[in-house]
Amino acid sequence: MARYTILDFCKDVLKSEKKPLIYQDIWEKGKDTEYGMKLGLTGKTPWQSIGARIFVEVRDNPASLFKIVG
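Residues numbered from 1 in each chain as written. Predicted model: local features only at pLDDT ≥ 70, side-chain atom pairs only at ≥ 80, totals over all residues. Heavy atoms only, no water.

K.L.:
Explanation requested: helix H2 (residues 23–30) in the structure shown.
P.N.:
What sets the pattern is the α-helix's 3.6 residues per turn: residues three or four places apart point alike. Of the positions making up H2, those classed as buried are Ile26, Trp27 and Gly30. Down the axis of H2, the buried set is contained in an arc of 95 degrees. They therefore lie on one face. Against helix H1 (6–17), helix H3 (34–39) and helix H4 (46–60) lie the buried residues of H2. (Buried < 20%, exposed > 50% of the residue type's maximum accessible area, 1.4 Å probe, protein only. Helix = DSSP H or I, 4+ residues; strand = E, 2+ residues; numbered from the N terminus. Arc of directions from axis to C-beta. Contact = heavy atoms within 4.5 Å.)

K.L.:
I keep staring at the pattern of salt bridges and nothing clicks. Help me out?
P.N.:
Opposite charge on two side chains allows them to pair when their charged atoms are near. Under the definition given, this model contains three salt bridges. The salt bridge involving lysine 31 is made with glutamate 28; its shortest N-O contact spans 3.2 Å. Residue classification places glutamate 28 among the partly exposed positions, given a relative accessible area of 44%. (Salt bridge = Lys/Arg side-chain N within 4 Å of Asp/Glu carboxyl O.)

Read these as layout, nothing more, since geometry by itself doesn't imply function.
Take a look at the structure:
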């Protein structure tokens, strides 16, 4: 079974919100949902981990589902 990743979490939260969000808002909207429980991200600044992962994904993957807006 594939592991549920930060990118899976971001995709699910963005799909449910249906609008662009910054990484802090992705964490705030998703942390108390089923997605947050599946992710199980711990630490003092989980939103920073999300922001870093999205940044690397956008930078290194031209076919990324994530885009920079604004």
